[in-house]
Amino acid sequence: MENLDWKNIGFGYRKTDFNVRCYYKDGAWGELEVNDSEYLNLHMAATCLHYGQEAFEGLKAFTGKDGKVRIFRMEDNARRMQSSCDGILMPQLPVEKFTEAVKLAVKKNLNVVPPYGSGASLYIRPVLFGTGPEIGVKPASEYMFIVFVMPVGPYFPEGFKPTDLVIMRKYDRAAPQGTGKYKVGGNYAASLVAGKKAKAGHYSAVLYLDSREKKYIDECGPANFFAIKDNTYITPQSDSILPSITNMSLMQLAEDLGLKVDRRRVPVEELETFEEVGACGTAAVISPIKRIHDDDLDKEYLYGTEPGPWSTKLYEKLRAIQCGDEPDVHGWVTLVE
Ligand SMILES: *Cc1c(COP(=O)(O)O)cnc(C)c1O
């Protein structure tokens, strides 16, 4: 095991020894290959560079008290990547190929999987993109799938801390019938300007409203939105939201803890009535929100400066399952043997 300063390594690219690759050619995916280079030899007319044929995933592996490495819900990431492929006309990768590649990438880099109790984890980044040359707008005939991994530090090195969000109606992340529900790079390129503006104002992310009417809550930058009130876990239903696996897990755990779960359109005025508000995703699990500033109406919604009781319970429960401290009753965890 490498000796890194696990608590302070942060979230950034870090070179590891191996990545796993698979090529699509002549209408079929090939065998998995292990590679030790960080670089690709790519055709300059590859469709990923010109027309955004690119989808990615993000998931994590954790070391348990028993020393075993656990990967969280990777079949769900495999299926979501298939849906992203359908959305931008790339060939689906079989679920089995995805999960084999993820397991192999973890196994080949066990030296950098952070130890139990460090708060750090192994971040796994699968990416699939068009490599075939085209200059007319059409899908490529060749593709590449890569899984690379890197250790990342705890999202909250100083403890689970609430942050602020901002609403700015002049920016959209995704169009109503667009690609918001797919995990594709184009959505991220479209969100960089608003994201930079939010960071400059010391907000952790933009709280996007639905881009058709600007009436309902959509997403918090690269995370899903949820709120708690009247013993209910509330999260937006929308066609332009990326279906977060963390959010799906929290909905299940909320139900297990005795909360009602309500997935529906959430009008922006309802922000006034919530007891707790949070953003959720693989990176942080839950990022509690203490303040939402509506930049257009110059209005503030304030929540506690400390994480709320339900957010804390949900966060601890999910983390405990991920590290194997609590039994995996929903079958979410894969042990790397
Ligand atoms: C990846 C992502 C999320 C979070 O999904 P998880 O599966 O929970 O990590 C939320 N919103 C967007 C836009 C994303 O790309």
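The name recorded for the chain in an unreviewed UniProt entry is Branched-chain-amino-acid aminotransferase, from Gaoshiqia sediminis. According to the UniProt record, the Sequence similarities (unreviewed entry) comment for the chain reads "Belongs to the class-IV pyridoxal-phosphate-dependent aminotransferase family."

A. Spotlight on the site of the ligand. Around the ligand, a shell composed of 15 residues is seen, among which K183, Y188, S244, T246 and T282 lie nearest. Within the side chain of T246, an N or O atom sits 2.6 Å from an oxygen atom of the ligand. Its free accessible area being 380 Å², the ligand has 96% of it covered by the protein chains. Because more than half of its atoms lie within 2 Å of the grid, the ligand is assigned to the largest pocket. Contributing elements (two or more residues each) for the shell around the ligand: β12 (223-229) and α5 (245-256). Of the residues assigned to the shell around the ligand, the class counts are five nonpolar, six polar and four charged.

B. View of the layout of surface pockets. Considered as a void within the structure, the largest pocket measures approximately 1,100 Å³ in volume. If you trace the largest pocket, you find 41 residues lining it, with Y188, G221, P222, A223 and A283 closest to the centre. Sorting elements by how many residues they give to the lining of the largest pocket places helix α4 (residues 185-200) first, with seven residues. Grouping the constituent residues of the lining of the largest pocket by class yields 21 nonpolar, 13 polar and seven charged. Counting residues domain by domain, the lining of the largest pocket receives three or more from each of domain 1 (6-152) and domain 2 (163-322).

C. A look at unusual backbone geometry. The phi angle at L89 is positive, at roughly 55°, despite the residue not being glycine. Summarising the element assignment, L89 is placed in the loop between α2 (74-87) and α3 (95-107). With a relative accessible area of 58%, L89 lands in the exposed category. One non-glycine residue, V285, lies in the positive phi region at around 65°. Here V285 lies in strand β16 (residues 285-294). Accessibility expressed as a relative area gives 6% for V285, which makes it buried.

Calculation rules
- Residues numbered from 1 in each chain as written.
- Predicted model: local features only at pLDDT ≥ 70, side-chain atom pairs only at ≥ 80, totals over all residues.
- Heavy atoms only, no water.
- UniProt positions renumbered as here; feature names shortened; annotations may be inferred.
- Near = heavy atom within 4 Å.
- Polar contact = N/O pair within 3.5 Å; in protein donor to acceptor, adjacent residues only side chain to side chain.
- Areas by Shrake-Rupley, 256 points an atom, 1.4 Å probe, with all protein chains shown as cover.
- 1 Å grid on protein atoms, 1.4 Å probe; cavity = no way out; pocket = protein on both sides within 12 Å on 5 of 7 lines; lining within 4 Å.
- Sits in = over half its atoms within 2 Å of the grid points.
- Helix = DSSP H or I, 4+ residues; strand = E, 2+ residues; numbered from the N terminus.
- Nonpolar A, V, L, I, M, F, W, Y, C, P; charged D, E, K, R; others polar.
- Points joined across faces, edges and corners; volume = space filled by probe spheres on them.
- Domains from an automatic or database assignment.
- Buried < 20%, exposed > 50% of the residue type's maximum accessible area, 1.4 Å probe, protein only.

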